[in-house]
Amino acid sequence: CKTTLVSDAAALALAPPAEAVADAGEDWVELLNLSDEPFDLSGWGITDDGVLENGLIFSPGSLIEPGQHLVIYRSDDTSENTLPFGVNCTDDILWLLNPLSQIDKFITLETVREDLTWGRLPDGTGDFTETVPTPGAINRGPDDPQVLLNEVNCHVVDWIELINIGSETVDMEDWTVNEAGSGDP
């Protein structure tokens, strides 16, 4: 399951898994550093029972850079910075604890469709909702159009090319294109 929590003190976002939680297949949690500075996770922890010693305790020197999404996967081995527990997307609670075992953030997971995750929209700051699995990347909703800028020509005749990478037709009737900083289409 994928989830994201945001810590005011740490400027971190944790989604189930921490930024997002994925229940189908691999369990993982994603943290997002929303600050302008690296954040030292050393001694911080993620647990599903509120007890720091029963969860993941980040090893010394565990940094998350500004804007970085850090994905933590569940594992039965004792590798550094892996989840020692599974994430249940129907009735689990994930806790982000500081090095003093104090609760910084927690999230109660709700039932999520098997092909989706539980994350914040907008990424790292909004409310938790169903999201498409995007480990290590910006969260997006299951109904978000998947239209991308594919090519740009800036010689003589300006033009752009868009591509729909999704499986559904996208109605672009109300879409506009404008120069950065300009409100004019």
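Calculation rules
- Residues numbered from 1 in each chain as written.
- Predicted model: local features only at pLDDT ≥ 70, side-chain atom pairs only at ≥ 80, totals over all residues.
- Heavy atoms only, no water.
- Helix = DSSP H or I, 4+ residues; strand = E, 2+ residues; numbered from the N terminus.
- Buried < 20%, exposed > 50% of the residue type's maximum accessible area, 1.4 Å probe, protein only.
- Areas by Shrake-Rupley, 256 points an atom, 1.4 Å probe, with all protein chains shown as cover.
- Pairing = 2+ DSSP bridges.
- pLDDT = per-residue confidence, 0-100.
- Contact = heavy atoms within 4.5 Å.
- Salt bridge = Lys/Arg side-chain N within 4 Å of Asp/Glu carboxyl O.
- Phe/Tyr/Trp six-rings, centres within 6.5 Å; stacked < 30°, edge-to-face > 60°.

So, the overall build of the protein chain
Move 1: Check the secondary structure of the protein chain and you find zero helices and 15 strands.
Move 2: Per-residue burial over the protein chain gives 39% buried out of 185 residues.
Move 3: Of the accessible surface of the protein chain, which amounts to about 10200 Å², a share of 49% is contributed by carbon and sulfur atoms.

Topic: unusual backbone geometry
Leaving glycine out, the prevailing phi sign among residues is negative, and the prevailing peptide bond configuration is trans.
Move 1: A cis geometry characterises the amide bond from Leu-121 onward to Pro-122, with omega recorded as -5°.
Move 2: Assignment of secondary structure puts Pro-122 in the loop between strand S12 (117-121) and strand S13 (127-131).
Move 3: A positive phi angle is found at Ser-101, which is not glycine, with a value near 65°.
Move 4: Mapped onto the elements of the fold, Ser-101 is located in the loop between strand S10 (93-97) and strand S11 (103-108).

What to know about the pairing of S11
Move 1: Pairing of S10 with S11 involves five bridges; the strand directions are antiparallel. Within S11, the position partnered with Ile-93 by the bridge is Thr-108.
Move 2: The antiparallel pairing of S10 with S11 creates a hairpin that spans five residues between the two strands, and Ser-101 there sits at a positive phi of about 65°.

Quick notes on the confidence of the model for the protein chain
Move 1: When pLDDT is averaged along the protein chain, the result is 79, and 83% of the positions lie at 70 or above.
Move 2: Of the regions scoring below 50 in pLDDT, residues 1-11 engages in 94 contacts with residues more than four places distant in sequence or in other chains.

Section: the pattern of salt bridges
Move 1: Under the criterion given, the structure shown has two salt bridges.
Move 2: The shortest N-O distance in the salt bridge between Arg-74 and Asp-76 comes to 2.6 Å.
Move 3: The exposure class of Asp-76 is exposed, given its relative accessible area of 69%.
Move 4: As a salt-bridge pair, Asp-115 and Arg-113 come within 3.2 Å of each other at their nearest N and O atoms.
Move 5: In this structure Arg-113 comes out as partly exposed when scored by relative accessible area, which is 45%.

Things to note about the sheet that holds strand S6 (residues 45-47)
Adjacent strands of a sheet pair through backbone hydrogen bonds, lying either parallel or antiparallel.
Move 1: Ordered in space as S7-S6-S10-S11, the four strands form an open sheet in which the pairing is antiparallel. The open sheet is flanked by strand S7 (56-57) and S11, the only strands paired with a single partner.

A closer look at the pairing of strand S14 (residues 147-153)
Where a strand is regular, its side chains alternate between the two sheet faces.
Move 1: Summarising the sheet, S14 and strand S15 (residues 159-164) pair through six bridges and their orientation is antiparallel. Across the sheet, Asn-153 pairs through a bridge with Trp-159, a residue of S15.
Move 2: Adjacent in sequence and paired antiparallel, S14 and S15 are bridged by five residues, among which Val-156 carries a positive phi angle near 65°.

Considering the environment of Pro-99
Move 1: With respect to the element layout, Pro-99 can be found in the loop between S10 and S11.
Move 2: Since its relative accessible area comes to 44%, Pro-99 is described here as partly exposed.
Move 3: As for Pro-99 and Ile-57, which are separated by 42 residues in sequence, their C-alpha atoms are 8.5 Å apart.
Move 4: In this view, Pro-99 contacts Ser-42, Gly-43, Trp-44 and Leu-52; residues no more than four positions away in its chain are not counted.

A closer look at the packing of aromatic side chains
Move 1: Applying the stated criterion across every chain, the model contains three aromatic pairs.
Move 2: An angle of 15° between the planes, with centres 6.3 Å apart, marks the rings of Trp-118 and Phe-128 as stacked. Here Trp-118, found in strand S12, pairs with Phe-128, found in strand S13; they are ten residues apart in sequence, far enough to count as distant. Residue Trp-118 shares its accessibility class with Phe-128, and that shared class is buried.

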